Amino acid sequence: MPDIQEVTVEDLKHLVSERAITGETMLLNMGPQHPSTHGVLRLLLELDGETVVNCIPDIGFLHTGVEKNMEAKTYQKAEVMSDRLDYMNPVGNNLAFSMAVEKLVDLDVPARAQAIRVILAELTRYQSHLVWLGTAALDLAAMSMFLYCFREREYILDVMEMCSGQRMMTTYIRPGGLWRDVPVEFEAAVRNILKTFPKRIDQYEALLVRNPLMLDRTLGIGKLTGEECLNFGVTGPMLRASGIKWDLRKARPYSGYEQYDFDIPTRPEGDVYARFLVRLEEMRQSLRIVRQALDKLPLGPVRSNNYKFVPPPRSEIGTSMEALIHHFKLWTEGFNAPKGSVYHAVESPRGELGVYLESDGGPKPYRIHWRTPSFDNLQSIPLMAKGVLVADLVAIIGSIDIVLGDVDR
Amino acid sequence: MDKQLQPIIEELEKDFGVSATESLGEVSLVLPAEKIVATCQRMQDLGFELLSALTAVDYWPEEQPRFHVIYEFSSVSKNLRLEIRLPVRGINPTIPTVSHIYRNANWRERELWDMFGIKAEGHPDLRRILMPADWEGHPLRKDYPLGYEEPQFTFNFEEINLRKPYAKD
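Thresholds applied
- Residues numbered from 1 in each chain as written.
- Chains lettered and ligands numbered in written order.
- Predicted model: local features only at pLDDT ≥ 70, side-chain atom pairs only at ≥ 80, totals over all residues.
- Helix = DSSP H or I, 4+ residues; strand = E, 2+ residues; numbered from the N terminus.
- Rg over C-alpha atoms; globule rule 2.2 N^0.38 Å.
- Contact = placed C-beta atoms within 7 Å.
- Core = buried A, V, L, I, M, F, W, Y, C linked by C-beta atoms within 7 Å.
- Buried ≥ 20, exposed ≤ 12 C-beta atoms within 10 Å, placed from the backbone.
- Expected span 1.5 Å × (residues − 1).
- Axes fitted to C-alpha atoms, helices over the stretch in contact; angles between N-to-C directions.
- Parallel < 35°, antiparallel > 145°, perpendicular 65-115°, else oblique.
- Left-handed = near helix turned anticlockwise from the far one by under 90°.
- Nonpolar A, V, L, I, M, F, W, Y, C, P; charged D, E, K, R; others polar.
- Pairing = 2+ DSSP bridges.

Let us look at the overall build of chain B. Within chain B one finds four helices and seven strands. Starting at the N terminus, the α and β elements of chain B follow one another as α-β-β-α-β-β-β-β-α-β-α. The C-alpha atoms of chain B give a radius of gyration of 20 Å, which is well past the 15 Å a tight globule of 169 residues would have. Overall, the C-alpha framework of chain B stretches about 70 × 35 × 30 Å when taken along its three principal axes. If you take every contact in chain B between residues at least 6 apart in sequence, the share linking residues at least 24 apart comes to 49%.

This is the structure in C-alpha cells:
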C-alpha cells in the first residue's frame, strides 16, 4: 500500500495570495458534491470572511477518455460516444460529428434530413435551456421553476423517443443523413409543443424577470466584458450577453440555417441577469426556427444513397446483392475515409462545439478532438469570482450553464 | 479560399516563413515552433480574437516530427477561420506558451501536457488537468495502450487480482 499523498497549500501557492500561506484567509472546498456545482466540479476557494479572494477550479472528475476511445472505433461506432459528452445536447453532438465526417468523405445530405436535423437540434437547444433555467433558478432558491421546466422538458424528450427510441442518447443523426424517417405522429407532437410553449416562456418571464429577489441576486453579478469573453474563448449565450453578436448559425450557416428567419438576442451588460434574458429569448427564437422548418419540411429520402459510406435501407437488403454486401462491409469493417483533417464547428446551446477530425486513410478516426464550449466557458470563473460573495458565486456557476460531461470529456 | 484570408496569409508567409496548404476547403499554415508567440501576437492584431481550439496529434512511431500541435483561430469581427500547425520533434517536446496572449490557452496547454506530454515553456500553472495528479503517462499518445480490464468472475478472481495493475502501485 503506497503512502497517501497529502495535497498542501505548498502545491498551489502560485495560485493563492500571500495571506493564505500565513493562514489569514481560509481555504474552502466547494464541491465536488455540492448541489449547486451542477455535477462534479470542485472549486477551491480562498475566502476572506465571506468574500472570495481566489477561486481555483479543479476539473476532471468526469473524464472518461472519449477521445481515446473514439480512436479505437469505426466512424459509425464512435458516434455513439458523442452523445455522452454533452448529455444535455446529444443531438447537437451527433450533428457536429456527422457534419465533420461528411466534410471529410464528401457526402451530400438530402434536404429533408437537413430540415429534420434543424428541428431536432433546436428542440434539443430548447430542452437544454429548460434544464439550465430550472437548475439556475433553483440555485437562486426559485424551487417551482425547476418543476415547471422539467414538466416541459418531458414533451421534448417524448419527441426524441418517438423518432429514435431513446429519450436522451439518440444517435439519430448519422453521417449522410438520419437513422430513419420521422414517424407520422412527429408533426402533431411538434405542433403541440409549438402551440403550448410560447405561453410557458411568458409565464417563466412573469415569474422571474421582474422579481425583486431575482434582480437582487443577479444584477451586476459576474460581469464579463466582450473583450474578456473573447480572450477567454467564451462563446455562446455568455458571449452574446456581453454584447457581441456571434452565432455560428448566422455567421457560418450549416444544415440549411440560412433559409430560416431568426434573430440573435444580445445584451450589453454581461452580468448574470443578462445571461438569463439572452437564453430566454433564445428559447423563443428556437421555436421560431422549428415552426419555419416544420412548415416547409420537404419530402424525399432522409439518407444519402452513397452506399460506400451510408448503409442501404433494410428493404433493399432482401432483394439486392449489392445492398447486402454494402451493409455487411459497413457494419464489419466500416468505410475508409480519405487522408486529411477537418475542423467543423456548430452552435451548441453553450457555444462553439467543434470537432477536429484527422484521418490516416483507415476506417477509424486517427485523431478526434472535441472543442467543447463548457471547457472554455468555465475557465473564466476565476475572473468572475474575484471579490464576490460565496452566494453570488453560486449564481455565477448557474449562469455559465456548464455540463461537466462537456468539460471533462 | 476566402478572399479576405488571402492577404492575411501572404503577410504571414512574408513575415514568419509559414507555408500554406489547402485541403478539403480548409487552409492550414505550417509554422516552426519557436515563432508561435510572435505569430499569435500578430494574429490578434489581425483580428483573430478567439483561439477556438488548441490540440495535438501524435504521429508515433514517427519522430521527425512526432507531434503536430494545432491551433484553430477564429475571427469574430471578420468571420474567418485559420488553422496553424506546429510540428514538434522528439519524445518530450516543449513549445512556447501563448497563455499570456490568449488566456484560454492556459487550460488548453495544461491539457496538452496532461494528454500528450508536450510541455508549454513559461506556462504559469502547468499541472495535470483531467487526469489525477499522480497519474503516470500521457493517455492520448499513440504508444499508450487503450486500456483493457479482464473481467473477474468468482472462479478466477484471485488469479486476475494478483496481476491486475492498480493506480499508484
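Turning to the nonpolar core, a few remarks are in order. Residues and elements named next belong to chain A. Counting 145 residues, the largest nonpolar core has Ala100, Ile119 and Ile396 as its most contacted members. For this core, the leading source of residues is helix 5 (residues 111–139), giving 15 residues. Not counting the four nearest positions on each side in its chain, Ile396 is found in contact with Ile221, Gly222, Val272, Ile381, Met384, Ala385 and Val388.

A few words now on helix 3 (residues 105–116) of chain B. Compared with an ideal rise of 1.5 Å per residue, which puts 12 residues at 16 Å, helix 3 of chain B spans 15 Å between its outermost C-alpha atoms and is within 8% of the ideal. Among the 12 residues that make up helix 3 of chain B, 10 are buried, leaving the element largely enclosed by the rest of the structure. Looking at the packing, one finds that the buried side of helix 3 of chain B touches helix 15 (373–379) of chain A together with strand 3 (50–58), strand 4 (67–75) and strand 7 (119–121) of chain B. In the stretch just after helix 3 of chain B, Gly117(B) is the one whose phi turns positive, near 75 degrees.

Working note: non-glycine residues mostly have negative phi, and peptide bonds are mostly trans. The residue after Trp60(B), namely Pro61(B), is reached through a cis peptide bond having omega 5 degrees. Its location among the elements puts Pro61(B) in the loop between strand 3 and strand 4. Of note in this structure, Asp106(A) is not a glycine but carries a positive phi near 60 degrees. Along the chain, the position of Asp106(A) falls in the loop between helix 4 (90–105) and helix 5. Positive phi, normally seen in glycine, also occurs at Asn79(B), with a value near 55 degrees.

Burial within strand 8 (residues 367–371) of chain A is extensive, with five of its five residues counted as buried. Neither face of strand 8 of chain A is open: one carries Arg367(A), His369(A) and Arg371(A), the other Ile368(A) and Trp370(A), and all of them are buried.

What follows deals with the packing of helix 5 of chain A against helix 12 (residues 272–295) of chain A. Residue and element names in this part refer to chain A. At a minimum axis separation of 9 Å, helix 5 and helix 12 run at an interaxial angle of 155 degrees. Taken together, the axis directions place helix 5 and helix 12 in an arrangement best described as roughly antiparallel. Helix 12 is crossed by helix 5, and the crossing has left-handed handedness. Residues Ala115, Val118, Ile119, Glu122, Leu123, Arg125, Tyr126, His129, Trp132 and Leu133 of helix 5 form the contact with helix 12, whose own contacting residues are Arg279, Glu282, Met283, Ser286, Leu287, Ile289, Val290, Ala293 and Leu294. Residue composition of the contact of helix 5 with helix 12, grouped by class: 13 nonpolar, two polar and four charged.

Attention shifts here to the sheet that holds strand 3 (residues 51–58) of chain A. Residues and elements named next belong to chain A. Sheet architecture is open: three strands sit in the order 1-2-3, paired in antiparallel fashion. Two strands close off the open sheet at either side, each with one partner strand: strand 1 (26–30) and strand 3. Geometrically, the sheet is characterised by an average inter-axis angle of 25 degrees between neighbouring strands, direction not taken into account. Two elements, strand 1 and strand 2 (residues 42–48), share five bridges in a ladder whose sense is antiparallel. By the bridge assignment for strand 2, Met26 is matched with Leu47.

Keep in mind these numbers describe shape, not what the thing actually does.
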